[in-house]
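The primary structure of each chain is shown beneath.
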Amino acid sequence: GHHVSSQRIRFQRRNRPCRYDIDRFTPGFLSIFESLVPSQEEIAKQKQLLTTLSRIISMEWPKSKLYLYGSCANSFGFSNSDIDLCLSIDDKEMSKVDIILKLAEILQAGNLKNIQPLTRARVPIVKLMDPETGLSCDICINNLLAVVNTKLLRDYAQIDRRLRQLAFIVKHWAKSRRVNETYQGTLSSYAYVIMCIHLLQLRRILPCLQEMEATYVVTVDENNCAYFDQVEKLNNYGAHSRDTVSRLLWAFFHYWAYEHDYTRDVISIRTGRIISKERKDWTRRVGNDRHLICIEDPFEVSHDLGRVVDKFTIKILREEFERAANILQFDPNPSVTLFEPY
Ligand code: CTP
Ligand code: MG
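Note that the structure is a prediction, hence the values are computed from the model and not measured. (Residues numbered from 1 in each chain as written. Chains lettered and ligands numbered in written order. Predicted model: local features only at pLDDT ≥ 70, side-chain atom pairs only at ≥ 80, totals over all residues. Heavy atoms only, no water.)

**Q** Would you explain the side chain of Asp289 in this entry?
**A** Relative to the assigned elements, Asp289 resides in the loop between helix 9 (277-280) and strand 10 (294-296). Here Asp289 is buried and forms no salt bridge, its nearest opposite-charge partner Arg307 lying at an N-O distance of 4.3 Å. Setting aside residues up to four positions removed in sequence, Asp289 forms contacts with Arg284 and Arg307. (Helix = DSSP H or I, 4+ residues; strand = E, 2+ residues; numbered from the N terminus. Buried < 20%, exposed > 50% of the residue type's maximum accessible area, 1.4 Å probe, protein only. Lys, Arg positive; Asp, Glu negative; His and termini not counted. Salt bridge = Lys/Arg side-chain N within 4 Å of Asp/Glu carboxyl O. Contact = heavy atoms within 4.5 Å.)

So this is what it looks like as structure tokens:
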């Protein structure tokens, strides 16, 4: 019946060769990439904001340290994105909520605008706007794992320029198609970047930094974070591969549409391989974690970045992957059609 024939179609598509003229679209994709990259002025403004805020905060808490993390520091940020900051502070007396409230007061006195302490959010933050640069940002407290995974992503991006090209286009696709909304049950930008790194590891365009001799070692909340971070020594690593961004995009969507085994597989950039759900004990729903698409966090290895996905949104995601794969295979104008708003 219907089931058998749809299985057969999926099997045929598994072995589908990439269209012969895929590289015709590379200039189009590269100009989209260029249009999304933030300017030097914008990056300078972000640094300026970090300096301003660090100065204000250190007057009250001299031993604290303020870090940029997320898209403005991992090199996968688009222009005009909000800034994520993390305040590292060692104060045994105060709870996170107390720190947030105190921080809001300090910022108020420091002439920053639109200050909102959000103490009841899952991750408590202070939101604010800096009138001098016009930038808005969120400050969270002691989320050092995010600072470390930001560095890992930035280090991977320095090894081969195709990672940034691919991830920018994938993020742009995900935002256009509305499948980059974790509170709606689709994937975070962080998860999409990890999916891109994994693909490039399988194609030997990127190494697996966590399997190499560790040159950077930190322990954050009992998680041992160690990897080879002298990435300037690796900038020839992917030179054997002539894959263009269009071919990689095709491979990315083809993989998630037709090749990934959603019932058995977990992608893991920590190991540079596909590992089994069985081995992680991710074969069934535990609490709210359904494990319908499994993406292992590189440091918090018990954390499945796909855990936000439910039985409705997994269908939406897979349909979007198939749509994108088919556009890249057949559409006369993929660098337009791919991003048509949902
Ligand atoms: N993060 C995390 N674990 C998650 C999601 C996010 O540790 N499950 C951290 C990562 O350090 C990530 C940062 O939070 O870099 C911001 O996440 P996200 O908003 O998904 O990514 P951005 O790179 O900021 O993307 P966008 O451009 O969409 O803002
Ligand atoms: Mg962000």
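**Q** Looking at this model, I keep getting lost on helix 7 (residues 189-202). Mind explaining?
**A** It helps to recall that an α-helix has 3.6 residues per turn; residues three or four apart then point in one direction. Between its first and last C-alpha, helix 7 extends 20 Å over 14 residues, near the 20 Å set by a 1.5 Å rise per residue. Most of helix 7 is tucked away: 13 of the 14 residues are buried. Once helix 7 ends, the next one or two residues include Arg204, with phi positive near 60°. (Expected span 1.5 Å × (residues − 1).)

**Q** Please clarify how the pattern of salt bridges should be interpreted in this entry.
**A** Two side chains with opposite charge may pair up if their charged atoms get near one another. A full pass over the atoms with the stated rule returns 18 salt bridges. Here Glu60 ties to Lys102 by a salt bridge, and the two come within 3.8 Å at their closest N and O atoms. Residue Glu60 is found in helix 3 (residues 40-60), and its partner Lys102 is found in helix 4 (residues 96-109); the two are separated by 42 residues along the sequence. Among the residues examined, Glu60 registers a relative accessible area of 38% and is labelled partly exposed. For Lys102, a relative accessible area of 27% gives the class partly exposed. Ionic pairing is found between Glu296 and Lys280, a salt bridge with its closest N-O pair at 2.5 Å. Of this pair, Glu296 sits in strand 10 while Lys280 sits in helix 9, and the two are 16 residues apart along the sequence. Both residues of the pair, Glu296 and Lys280, belong to the buried class. Beyond isolated ion pairs, a larger network of salt bridges with shared partners links Arg19, Asp21 and Arg24.

**Q** Would you take a moment to explain the site of ligand 1 for this structure?
**A** By nearness alone, 14 residues border ligand 1, and Ser71, Asn149, Lys171, Lys175 and Ser189 come closest of all. Ser71 places a main-chain nitrogen or oxygen 3.1 Å from an oxygen atom of ligand 1. Lys171 is positioned such that a nitrogen or oxygen atom in its side chain is 2.8 Å from an oxygen atom of ligand 1. Only helix 5 (144-159), helix 6 (161-176) and helix 7 provide two or more residues apiece to the shell around ligand 1. For the shell around ligand 1, the element with the most residues is helix 5, which contributes three residues. Here the residues of the shell around ligand 1 sort into four nonpolar, seven polar and three charged. (Near = heavy atom within 4 Å. Polar contact = N/O pair within 3.5 Å; in protein donor to acceptor, adjacent residues only side chain to side chain. Nonpolar A, V, L, I, M, F, W, Y, C, P; charged D, E, K, R; others polar.)

**Q** Where do I start with the nonpolar core in this structure?
**A** Side chains of a nonpolar character, in soluble globular proteins, are inclined to be buried together. Core analysis: the largest hydrophobic core is formed by 73 residues, its most contacted members being Trp173, Phe253 and Phe321. Mapped onto this core, the elements with two or more residues apiece are helix 2 (26-36), helix 5, helix 6, helix 7, strand 6 (216-220), strand 7 (223-227), helix 8 (245-259) and helix 10 (313-330). The element that contributes the greatest number of residues to this core is helix 8, accounting for 11 residues. With residues up to four places along the chain from it excluded, the contact list for Phe253 reads Val170, Trp173, Phe321, Ala324, Ala325, Leu328 and Leu338. Listed in part, the 28 residues of the second largest apolar core include Cys72, Leu85, Leu107 and Leu112. (Core = buried A, V, L, I, M, F, W, Y, C linked by side-chain atoms within 4.5 Å.)

**Q** Any chance you could explain the sheet that holds strand 2 (residues 83-88) here in plain terms?
**A** Across a sheet, paired strands are connected by hydrogen bonds in the backbone, their directions being either parallel or antiparallel. Judged by pairing direction, the sheet is mixed, and its five strands sit side by side in the order 1-2-5-4-3 without closing on themselves. A single partner strand is all that each edge strand has here, and the edge strands are strand 1 (65-69) and strand 3 (113-118). Taken over all neighbouring pairs, the strand axes of this sheet differ in orientation by 25° on average, direction set aside. Summarising the sheet, strand 1 and strand 2 pair through five bridges and their orientation is antiparallel. Looking at the pairing, Tyr67 lines up with Cys86 of strand 2. (Pairing = 2+ DSSP bridges. Axes fitted to C-alpha atoms, helices over the stretch in contact; angles between N-to-C directions.)

**Q** It is not clear to me how the pairing of strand 6 should be interpreted in this structure. Could you clarify?
**A** Residues in a regular strand project their side chains so that they alternate between the two faces of the sheet. Note that strand 6 and strand 7 share five bridges and pair antiparallel. When the bridges of strand 7 are listed, Val220 appears paired with Asn223. Counted between consecutive antiparallel strands, the loop separating strand 6 from strand 7 contains two residues, among which Asp221 sits at a positive phi close to 45°.

**Q** What am I meant to see in the packing of aromatic side chains here?
**A** Two aromatic rings, taken as a pair, are described by how far apart their centres are and by the angle between their planes. The tally for this structure, following the rule as stated, stands at 12 aromatic pairs. Ring centres of Trp173 and Tyr192 lie 6.1 Å apart, and the angle between their planes is 90°; this geometry places the pair in the edge-to-face category. Within this pair, whereas Trp173 is found in helix 6, its partner Tyr192 is found in helix 7, the two being separated by 19 residues in sequence. The class for Trp173 is buried, based on a relative accessible area of 0%. You can call Tyr192 buried: its relative accessible area is 1%. One aromatic cluster is present, formed by Trp173, Tyr192, Phe252, Phe253, Tyr255, Trp256, Tyr262 and Phe321 through successive ring pairs. Sitting over the face of the ring of Tyr216, Lys151 holds its NZ or CZ atom 4.8 Å from the ring centroid. Above the face of the Phe78 ring, Lys171 is positioned so that its terminal group lies 4.8 Å from the ring centre. (Phe/Tyr/Trp six-rings, centres within 6.5 Å; stacked < 30°, edge-to-face > 60°. Lys NZ or Arg CZ within 6 Å of the ring centre and 35° of its normal.)

Take it as geometry only, folks, not as evidence of what the structure does.
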